[in-house]
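# Working through the structure, step by step
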Amino acid sequence: MVLLDGKQLSNQIKDKLKNEVIELKNKGIEPCLAVILVGEDNASITYVNSKARACEQCGIKSLVYKLDVNTTQNELFALINTLNHDDSVDGILVQLPLPKHINKDMILESISFNKDVDGFHPFNVGNLNLNLRGGFLPCTPLGVMKLLKHYSIKLEGADVVVIGASNIVGRPMATLLLNANASVSICHIYTKDLKAYTKNADVIIVAAGCPDLLKEDMVKDGVVVVDVGINRVNGKIVGDVDFDNVSKKTSFITPVPGGVGPMTIAMLLENTIKSAKNRVQV
Ligand code: GUN
């Protein structure tokens, strides 16, 4: 069994990005990411802080807006509008989830698609679904693809099961895998017999937010398992996979933490730098 070491790969990527930032700065461009957090969800605060820290590590400027939970939708629109028109800002990220009084879809659509480093704008989602190049791809699924590629895991013709159908992970993940010529099944909360899918899968991506969802008897020998889950159980961070038992049968598996999480952040930095390069067409 080989661990898919996202921490190590993300460090390699960040080293490469640091050099790209130096080159951009030599040309007078300072890449800049604006991160907006509304409210005080503890997990979101942690994520936003790690995104800002990672920016600093790579020389990317970060602007972090921590807004009160009672911020109105119009106030949020106004901030996004200002950032959309600010030529020194390359990327805009609104941390999800948003409070219930704010319409998430309208907010995501209001971000300029060419600053949408999360890849959540309908224009970028459309590009992904049409398998067109050029747009921004969502960071977590993109990070998973990079990790699989780094370990030379073949996707063409592979039977892949994605568990979870969220807009952030499951759906774009399934589309990227389809674009890589895998046969993809998307399973979710209404799936009648999850094991019937997972038992035959060559690759399983689990993004359900449910600890111990994937168990040893649900997978075949030699399977590749990618665990996107981040759950806090008794003060410990665990994924969606019963790692100790499932890993006995896997050829490759991600650890949690240290698998997909660091790759997500590396892809956010990569998208921000891509946007900064678009700014000057370098
Ligand atoms: N909440 C959980 N994951 C993400 C993500 O990748 N981007 C944003 N903006 N919010 C999230």
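Quick caveat: nothing in here was measured; it's all calculated off a predicted structure.

Read from one edge of the open sheet, 6 strands run S1-S11-S8-S7-S5-S6, paired in parallel fashion. The open sheet has two free edges, formed respectively by strand S1 (2–3) and strand S6 (183–187), since each of these has just one partner strand. Pairing of strand S5 (residues 159–163) with S6 involves 5 bridges; the strand directions are parallel. Looking across to S6, one finds that Asp159 is bridged to Ser183.

Attention shifts here to the UniProt feature "domain: Tetrahydrofolate dehydrogenase/cyclohydrolase NAD(P)-binding" (unreviewed entry) in the protein chain. The sites that UniProt annotates as "domain: Tetrahydrofolate dehydrogenase/cyclohydrolase NAD(P)-binding" (unreviewed entry) are residues 138–279. Note that residues 138–279 is 36% helix and 20% strand, and that its end C-alpha atoms are spaced 20 Å apart.

Relative to the helices and strands, Gln57 is located in helix H2 (residues 42–58). Through-space distance from the C-alpha of Gln57 to that of Leu17 is 10.0 Å; in sequence the pair is 40 residues apart. Excluding residues within four positions of it along the chain, Gln57 makes contact with Lys14 and Lys18. A polar side-chain atom of Gln57 sits 3.2 Å from a polar atom in the side chain of Lys14.

Right, let's talk about the UniProt feature "domain: Tetrahydrofolate dehydrogenase/cyclohydrolase catalytic" (unreviewed entry) in the protein chain for a bit. Under the present numbering, the feature "domain: Tetrahydrofolate dehydrogenase/cyclohydrolase catalytic" (unreviewed entry) in UniProt falls on residues 4–118. The straight-line gap between the two end C-alpha atoms of residues 4–118 is 23 Å; of that span, 50% is helix and 16% is strand.

Next up on the list: the pattern of salt bridges. A side chain with one charge can pair with a side chain of the opposite charge if their charged atoms come near. Per the stated rule, a full pass over the model turns up 8 salt bridges. For the salt bridge of Lys277 with Glu20, the shortest nitrogen-to-oxygen distance reads 2.8 Å. Of this pair, Lys277 sits in helix H10 (residues 260–280) while Glu20 sits in helix H1 (residues 6–26), placing them 257 residues apart in sequence.

This brings us to the environment of Pro97. Inspection of the secondary structure assignment puts Pro97 in the loop between strand S4 (91–94) and helix H4 (104–110). Judged by its relative accessible area of 56%, Pro97 is exposed.

Each pair of packed helices gets described by two things: the angle between the helix axes and the distance between those axes. Orientation of helix H6 (residues 139–150) relative to H10, taken along the N-to-C sense of each, is 110°, at an axis distance of 8 Å. Between H6 and H10, the angle falls in the class roughly perpendicular. Between H6 and H10, the contacting residues are Cys139, Thr140, Leu142, Gly143, Val144, Lys146 and Leu147 on the first element and Val260, Met263, Thr264, Met267, Leu268, Glu270 and Asn271 on the second. Considered class by class, the residues forming the contact of H6 with H10 number 8 nonpolar, 4 polar and 2 charged.

Taken together, Lys51, Leu93, Val94, Gln95, Leu96, Asp118, Phe120 and Ile168 make up the full set of residues near the ligand. Within the backbone of Val94, one N or O atom sits 2.8 Å away from a nitrogen atom of the ligand. Side-chain polar atom of Asp118 to a nitrogen atom of the ligand: 2.5 Å apart, as the coordinates give it. Isolated, the ligand exposes 280 Å² of accessible area, and the fraction of that covered by the protein chains is 84%. Looking at the shell around the ligand, its residues break down into 5 nonpolar, 1 polar and 2 charged.

Buried residues of helix H5 (residues 122–129): Asn124, Asn127 and Leu128, and no others. One side of H5 holds all its buried residues, which, seen down the axis, span an arc of 100°. Where H5 is buried, its residues contact helix H7 (170–179). Looking one or two places after H5, you find Asn131, whose phi comes out positive at around 60°.

In this section: the sheet that holds strand S2 (residues 32–38). Strand order in the open sheet formed by 3 strands is S3-S2-S4, and the pairing between neighbours is parallel. The open sheet has two edge strands with one neighbour each: strand S3 (61–67) and S4. Ignoring which end each strand starts from, the neighbouring axes of this sheet average 15° apart. With 4 bridges connecting them, S2 and S4 associate as parallel partners. Note that in S4 the partner of Leu33 across the bridge is Gly91. Of the strands in this sheet, S2, S3 and S4 are in contact with helix H3 (residues 73–84), which crosses S2 at around 180°.

Calculation rules
- Residues numbered from 1 in each chain as written.
- Predicted model: local features only at pLDDT ≥ 70, side-chain atom pairs only at ≥ 80, totals over all residues.
- Heavy atoms only, no water.
- Pairing = 2+ DSSP bridges.
- Helix = DSSP H or I, 4+ residues; strand = E, 2+ residues; numbered from the N terminus.
- UniProt positions renumbered as here; feature names shortened; annotations may be inferred.
- Contact = heavy atoms within 4.5 Å.
- Polar contact = N/O pair within 3.5 Å; in protein donor to acceptor, adjacent residues only side chain to side chain.
- Salt bridge = Lys/Arg side-chain N within 4 Å of Asp/Glu carboxyl O.
- Buried < 20%, exposed > 50% of the residue type's maximum accessible area, 1.4 Å probe, protein only.
- Axes fitted to C-alpha atoms, helices over the stretch in contact; angles between N-to-C directions.
- Parallel < 35°, antiparallel > 145°, perpendicular 65-115°, else oblique.
- Nonpolar A, V, L, I, M, F, W, Y, C, P; charged D, E, K, R; others polar.
- Near = heavy atom within 4 Å.
- Areas by Shrake-Rupley, 256 points an atom, 1.4 Å probe, with all protein chains shown as cover.
- Arc of directions from axis to C-beta.

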